[in-house]
Amino acid sequence: MNTLTRRRFMQWMGSGALTAISTRAALAQTGSGGKSGKHIVVVGGGFGGATCAKYLRRYDSTLEVTLIEKKPEFITCPASNWVLGGLRGMDKITHSYDKLQSRYGIKVVHDKVTAVDPAARKITLKDGAPIEYDRLVMSPGIDFQWNAIEGYDKAVSETIPHAYKAGPQTVLLRKQLEAMKDGGTVIISAPGNPFRCPPGPYERASMIAYYLKQHKPKSKVIILDTKDKFSKQGLFMEGWEKLYPGMIEWVAGSEGGKVEGVDVKGMTLVTQSGLVKHKGDVINIIPPQKAGWIAQESGLTNDQGWCPVNQKTFESTLHKDVYVIGDSSIAGAMPKSGHSANNQGKMCAAAIVTSLYDLPLPEPSHVNTCYSLLSDDYGITVAAVYHLKDDTIAGVEGAGGVSPSDAPAMTRKREAVYAGGWYDSITADSFG
Amino acid sequence: MRKSLLFSMITMLAAGIPAVAGAEVSRGAILASTCFSCHGTDGKSPGDMPSIYGVPAESLVKTLQDFKSGMRPATVMDRHAKGYSDDEIHEIADYLSKIK
Ligand SMILES: Cc1cc2nc3c(=O)[nH]c(=O)nc-3n(C[C@H](O)[C@H](O)[C@H](O)COP(=O)(O)OP(=O)(O)OC[C@H]3O[C@@H](n4cnc5c(N)ncnc54)[C@H](O)[C@@H]3O)c2cc1C
């Protein structure tokens, strides 16, 4: 482009004319008759929903974006294991929605969505009036399959916590650890795949051991697992051997690890058709999971309880103009993580904006990095870069993988520092 | 601030990249937005992650390529950089370097 043309362009744009023209032209193309903004409703202000709402407004400031979240503040699951280890307080993992409103012009409504009507493009709220949308994004996270472990339901979780939705459950588990006697046994029951945060139960075992080693060194942590292998297994086990020798025991599913029932009064977990009983002083049951309740209610789930979506746009394959991101969605090879949900929120925002203006959507790209802390200065990661392959989200071959084994202490320490840096960045990218 | 946004919009127009009222929705933008999860929105890190904001494109390209080849030591960026073609590395660097 020569200088003259460029100068003219700049004069044009200085007056804001070009932005207006391209938007108007695009709006005319979509036949919306000059209506300045469409209304996008986002349900769930967690990592997926908050990020999507923010990036929708970044990509197109003429959009009206309403974020509906039932809780007044967001308490992150990431770093909630660090709270259990005593590395952070709850205040450090609690985030407000103020910046999404003040900086990005998102309307945040604190209410519970009770129904979705995809035909009428309308959602119903528990307290407020129904809201109409042009596009709906759902990021309601997970819910638990109560009673999949016999006797474990919501009421029981008030005494035997899951602590897999951060908040009062995290505080309850921490208090139980604090109250436990030295020489006590902590049992963690880990679910089968797929579930939220594949390394989560094992980072939790590490953080609990970190606390116990300092305050109750005669105690033990037993992980009863449904699975025969788990995320970053080699690295976790190497770290446990180094940091907490003899303190953490892991029982594979095929070796009797699968928990089938709970005896609440006896503080006992039952495995192997009732043949073996494990008594704990503190018990943490992480139950099997499914897409968030409202996704089930709205007919967005398959028979396994998760939401099938177009792998490029995250539009539901079951309901038009409804998009599902985050833990609820089936996103190919991506794990159910806050990092994944954050990336999916951005991709979905791009898909919605380009579709509104009838513009081409660039090839999708995603990243996931899961940091886990084994102690205050021992961090490990698993990472992957994702692209679309054969119409599904797949890891780019040759990229990603886990931290090196037998790495020097300095490497582990660096990753521990970056774990904190990751947390600050991703929460800022999602909520501020 | 205005100036760079204008330049990037001009580039976008020249390249036929969709521009709507707000930021561009280009392949570079999509790729670079995945960096923001660890490095902060627009590459401005609020904590212990290195910021990647305001870095010239050439040095971003060189750094990413050195991570990719293993020339530059890393904790995790070597594993990430291997996920991108040289073209994609240029697209990421171009987009990031133009953010103001
Ligand atoms: C112990 C633990 C550690 C973890 N550590 C990490 C980590 O280090 N890194 C990482 O990337 N991920 C981590 N995760 C995973 C991460 O928390 C989830 O993958 C992520 O939160 C998923 O985002 P989401 O948007 O799908 O759901 P969420 O973040 O759970 O958000 C869902 C939101 O929707 C709201 N909601 C649900 N239903 C309704 C309704 N009907 N009406 C209104 N609002 C509703 C909820 O209140 C909630 O705020 C961890 C998880 C756990 C449990």
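Structure: see above.
Residues numbered from 1 in each chain as written. Chains lettered and ligands numbered in written order. Predicted model: local features only at pLDDT ≥ 70, side-chain atom pairs only at ≥ 80, totals over all residues. Heavy atoms only, no water.

A. Local environment of the site of the ligand. All names here are of chain A. As a structural note, the neighbourhood of the ligand is formed by 34 residues, with Glu69, Ser139, Arg196, Asp327 and His339 the closest of them. For the ligand, an oxygen atom lies 2.8 Å from a polar atom in the side chain of serine 139. The contact in question runs from an oxygen atom of the ligand to an N or O atom on the side chain of arginine 196, over 2.7 Å. Breaking the shell around the ligand down by element, the ones donating at least two residues are helix H3 (47-59), helix H4 (80-85) and helix H10 (338-356). Ranked by the residues each element gives to the shell around the ligand, the list is headed by H10, at three residues. Residue classes in the shell around the ligand are distributed as 13 nonpolar, twelve polar and nine charged. (Near = heavy atom within 4 Å. Polar contact = N/O pair within 3.5 Å; in protein donor to acceptor, adjacent residues only side chain to side chain. Helix = DSSP H or I, 4+ residues; strand = E, 2+ residues; numbered from the N terminus. Nonpolar A, V, L, I, M, F, W, Y, C, P; charged D, E, K, R; others polar.)

B. Local environment of the side chain of asparagine 81 of chain A. By the secondary structure assignment, asparagine 81 of chain A is in helix H4. If sequence neighbours within four positions are ignored, asparagine 81 of chain A has contacts with Gly200, Glu203, Arg204 and Met207 of chain A. (Contact = heavy atoms within 4.5 Å.)

C. The nonpolar core, seen in detail. All names here are of chain A. If you look at the biggest cluster of nonpolar residues, it comprises 135 residues, and the most contacted ones within it are Leu56, Ile123 and Trp240. Top element by residues in this core is H10. It accounts for nine residues. When residues of this core are assigned to domains, at least three fall in each of domain 1 (6-70 + 111-143 + 290-362) and domain 2 (146-287 + 370-430). Ignoring sequence-local partners within four residues, the contact set of leucine 56 consists of Ile40, Val42, Leu63, Val65, Ala349, Ile352 and Val353. By size, the runner-up hydrophobic cluster in this structure holds 13 residues, among which are Val156, Ile160, Ile187 and Ile285. (Core = buried A, V, L, I, M, F, W, Y, C linked by side-chain atoms within 4.5 Å. Buried < 20%, exposed > 50% of the residue type's maximum accessible area, 1.4 Å probe, protein only. Domains from an automatic or database assignment.)

D. Region of the structure containing the environment of arginine 174 of chain A. Residue and element names in this part refer to chain A. With respect to the helices and strands, arginine 174 occurs in helix H6 (residues 168-179). Taking relative accessible area as the criterion, arginine 174 reaches 17% and is therefore assigned buried. Expressed as a C-alpha distance, the spacing of arginine 174 and glycine 85, which sit 89 residues apart in the sequence, is 8.1 Å. Here arginine 174 is in contact with Val83, Leu84, Gly85, Gly86 and Tyr211, once residues within four sequence places are set aside. A polar contact is formed between the side chain of arginine 174 and the backbone oxygen of leucine 84, at a distance of 2.8 Å.

E. Expanded view of H6 of chain A. Residue and element names in this part refer to chain A. Given a rise of 1.5 Å per residue, twelve residues ought to cover 16 Å, and the 16 Å separating the end C-alpha atoms of H6 matches this to within 8%. Those residues of H6 not exposed but buried are Gln169, Thr170, Leu173, Arg174 and Leu177. In a view along the axis of H6, the buried residues occupy a sector of 135°, so they form one face of it. Counted as exposed and oriented over 90 degrees from the buried face of H6: Pro168, Lys175 and Ala179. Turning to H6, the residues buried within the fold contact H4, strand S11 (185-190), helix H7 (200-215) and strand S17 (282-285). (Expected span 1.5 Å × (residues − 1). Arc of directions from axis to C-beta.)

F. Highlighting the sheet that holds strand S5 (residues 107-109) of chain A. All names here are of chain A. Reading across the sheet, the five strands line up as S5-S2-S1-S9-S20 and stay open at both edges, with parallel pairing between neighbours. Lying at the two open borders of the sheet, with one neighbouring strand each, are S5 and strand S20 (322-324). Each strand axis lies, on average, 20° off the axis of its neighbour in the sheet, ignoring direction. Across the sheet, H3 lies against strand S1 (39-43), strand S2 (64-68) and strand S9 (135-138), angled at about 170° from S2, the strand it touches most. Strand contacts of H10: S1, S9 and S20, with the helix running at about 175° to S9, the strand carrying the most contacts. (Pairing = 2+ DSSP bridges. Axes fitted to C-alpha atoms, helices over the stretch in contact; angles between N-to-C directions.)

G. Broad picture of the sheet that holds strand S12 (residues 220-225) of chain A. Residues and elements named next belong to chain A. Taken together, the four strands give an open sheet; going across it, the order is S13-S12-S11-S17, and neighbouring strands pair in parallel fashion. Since the sheet does not close on itself, it has two edges, and those belong to strand S13 (248-251) and S17, each with one partner. On average, each strand axis in the sheet is inclined to that of its neighbour by 15°, with strand direction left out of account. Sheet topology places S11 next to S12; six bridges connect them, and they run parallel. Pairing of threonine 185 across the sheet is with lysine 220, part of S12.

By themselves, these figures tell us nothing about what the structure is for.
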